[in-house]
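Residues per chain, in single letters:
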Amino acid sequence: MRNAPTILHLDMDAFFASAEQASKPSLRGKAVVVGGLGPRGVVATASYEARVFGVHSAMPMAQARRLAPNAAYLVPRGGFYKLISEQVMGLLHALSPLVEPLSLDEAFVDLEAGGTAWDEVSARLAGIRLRADIRAVTGLTGSVGLAASKMLAKIASEQAKPDGLVVIEPGTERALLGPMSVRTLPGVGPATGDHLRRAGISTVDELAEAGEDELVRLLGKAHGHALYAMALAHDERPVVAERETKSVSVEDTYDVDIHDRGRVGTEVQRLADRCVRRLRGAGLSGRTIVLKVRRYDFSTLTRSETLRGPTDDPGVVREAAARLLEAVDTTGGVRLLGVGVSGLADFTQEDLFAQAAGELAALDPAEEAEHEGGEQEEEQPVERHWTTGHDVRHADFGHGWVQGSGLGRVTVRFETPQSEQPGRVRTFRTEDPALEPADPLPLVAGAPRRPDGPDEESSDQASSVPASLPKSWSGNGGGGATSRP
């Protein structure tokens, strides 16, 4: 293991909720919860103000509403968060070619590989400047941990939260880890933690004292060896710049169980089309089609079919998914459906099956009409749907966001990220022609924009540095950022 603390772990602070607060001045300093708002929705992120009430990620949304009834509850804006993530990842790639993203808001960076840091002083300076740059480019805050290994860097960033920087100095690792819970270590989940607790092992010190032989007896050879090494603060895992994508999949959880077999089939076809759009967006194809069904009793079935060669043809994927569904009993109801493609390749084999439909079959009806340059046949009007928290624009009042909708009405607060005070609120008919969906506005004036697309999860994550980034490395200071030793 290296001696200098040149592995950096960045974790953005309450990322989704913080982005919403920065976007909506009326929510700044208030409890904000982002996630699925249906009966079976779960919390994706809670602001620090909401966490005071006990709300946390992965909590059922119904429980969150009981704990914090006056919080703002918003539907996630995936494309908006991805744009901010790309800006942050661009800053990380400016530090080193070895950047390992773990999610939209979290990544490891090997500063030594980029020549950015080589000792404690240079690493701390890099962390200070990074935090200042993130604030300048996105308006948000991130916590930074610096250590000689990935495990310790992540522990340091947790200690730094929120909006701080912690460096674990060489030689202090064992003393720091000793009193911590075994659950702190990578690979120790609830089941392993309970197993160790029953054996009288609750802290990292007790893990080290148990010895390697005892841990191998308790957990098996591979897991026992790995945990013993980590208990001694040894972690040789390198920062990996790119992770191979093993599969592409999409799934939906339904607020009410689906009992109608025809509706189940329609949902599977829709998921197959979404999966193909995501597959194509990544420039991939695959040989194995996977269907996932979670039934009313929470039992989960997975079925798969391997084709003769890789494909990204929507008709092929739809037909394979339909065949897989025929073998699944959905009597009693379905609460979750998913379609995935694995066995990925970066090329396609055209027309594996003669009956496969063409590319247009994967398009939504509105997209198909636009593609053909024609108009859809006039149908009976359907009430427009306005999603809570999403952006809109009114011909008279300008940019705003949806506070809520129902009973034929939609309530909008008109404000932008640059508004100096909370904006005014107006209520309109849902079909008001002056009100239209809008793209999110940049959190920082002059920052690049990209609209939410219909399949926003399919776009590739950018690794280049945005043109608008400040040239912070030519300066002398950290832009006013502070460090917490």
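Above this text you will find the structure in question.
Conventions used here
All residue numbers here refer to positions counted from 1 along the written sequence of the relevant chain. Only residues with pLDDT of 70 or above have their local features reported here, since the model is predicted, and side-chain atom pairs are shown and tallied only from 80 upward, although totals for entire chains, interfaces and linings are computed over all residues. Hydrogens and waters are ignored; side-chain quantities use all the structure's heavy atoms. Numbering of helices and strands starts at the N terminus; helices are DSSP runs of H or I of at least 4 residues and strands are runs of E of at least 2. Here the term buried applies to any residue with accessible area under 20% of the maximum for its type, exposed to any over 50%, and partly exposed to those in between, with areas from a 1.4 Å probe on protein chains only. Only heavy atoms matter for contacts: two residues are in contact if any of them lie within 4.5 Å across the pair. Only centres within 6.5 Å qualify two rings of Phe, Tyr or Trp (six-membered ring in Trp) as a pair; their planes then separate them into stacked at under 30 degrees, edge-to-face at over 60, and tilted for everything else. Consider the ring centre and the ring normal. A charge sits over the ring if Lys NZ or Arg CZ is within 6 Å of that centre and within 35 degrees of that normal. A pair of strands counts as paired when DSSP detects no fewer than two bridges linking them. Under this scheme, a helix contributes an axis fitted over its contacting stretch, all axes are lines through C-alpha atoms, and angles between N-to-C directions fall in the 0 to 180 degree range. Helix crossings are classified by the rotation of the near helix relative to the far one: an anticlockwise turn of less than a right angle makes the crossing left-handed, while a clockwise turn makes it right-handed. Think of a nonpolar core as a cluster: buried Ala, Val, Leu, Ile, Met, Phe, Trp, Tyr and Cys residues, connected wherever their side-chain atoms sit within 4.5 Å.

A. How the structure looks around the overall build of the chain. What the chain contains, in helices and strands, is 14 helices and 17 strands. Sorting the 485 residues of the chain into buried and exposed places 48% on the buried side. Taking the contacts inside the chain whose residues are at least 6 apart along the sequence as the reference set, 65% of them involve residues at least 24 apart.

B. Highlighting the packing of aromatic side chains. All chains considered together, the criterion is met by 7 aromatic pairs. Between Phe15 and Phe16, the ring centres sit 5.7 Å apart and the planes meet at 50°, which makes this aromatic pair tilted. Both residues of the pair, Phe15 and Phe16, count as buried. Centroid distance Phe397 to Phe428: 6.0 Å. Interplanar angle 55°. Geometry classified as tilted. Taken together, the positions of Phe397 in the loop between strand S13 (391-394) and strand S14 (398-406) and Phe428 in strand S16 (residues 424-429) put the pair 31 residues apart, joining distant regions of the chain. Each member of the aromatic cluster is reached from another via a ring pair, and the members are Phe15, Phe16, Phe80 and Tyr81. It is Arg51 that lies over the ring of Tyr48; its NZ or CZ is 4.4 Å from the centre. Sitting over the face of the ring of Tyr73, Arg65 holds its NZ or CZ atom 4.4 Å from the ring centroid.

C. Spatial organisation of the sheet that holds strand S6 (residues 106-110). Sheet architecture is open: 5 strands sit in the order S5-S6-S1-S7-S8, paired in mixed fashion. In this open sheet, the two strands that pair with only one neighbour each are strand S5 (99-103) and strand S8 (165-167). Shown here is a sheet whose adjacent strand axes are inclined to one another by a mean of 15°, direction ignored. Bridge count for strand S7 (residues 142-147) against S8 is 3 bridges, and the pairing is parallel.

D. Expanded view of the pairing of S5. The pairing of S5 with S6 spans 4 bridges and is antiparallel. Opposite Glu100, over in S6, you have Phe108 as the bridge partner. What sits between the antiparallel neighbours S5 and S6 is a turn of 2 residues.

E. Layout of the packing of helix H12 (residues 261-281) against helix H13 (residues 314-326). Where H12 contacts H13, the axes come no closer than 9 Å and their chain directions differ by 140°. Read as a crossing pair, H12 and H13 show a hand that is right-handed. Contacts between H12 and H13 pair Arg261, Val264, Gly265, Val268, Gln269, Ala272, Asp273, Val276 and Arg280 from the former with Pro314, Val317, Arg318, Ala321, Ala322, Leu325 and Glu326 from the latter.

F. Representation of the nonpolar core. Judged by nonpolar contacts, the single largest core of 39 residues is most densely connected at Leu8, Leu10, Leu92, Leu111, Leu130, Leu140 and Leu146. The element contributing the most residues to this core is helix H4 (residues 78-95), with 8 residues. Excluding residues that lie within four positions of it along the chain, Leu140 makes contacts with Met12, Phe15, Ser18, Ala19, Ala22, Ile84, Ile134, Arg135 and Leu443. Ile7, Ala208, Leu218 and Leu227 belong to the second-largest nonpolar core, a separate cluster that totals 30 residues.

G. How the structure looks around unusual backbone geometry. In this model, Lys161 is joined to Pro162 through a cis peptide bond whose omega is -10°. Along the chain, the position of Pro162 falls in the loop between helix H6 (150-160) and S8. At Ala14, a residue that is not glycine, the phi angle is positive and equals roughly 40°. When you line up the elements, Ala14 lands in the loop between strand S1 (7-12) and helix H1 (15-23). Positive phi, close to 75°, is recorded for Phe298, a residue that is not glycine.

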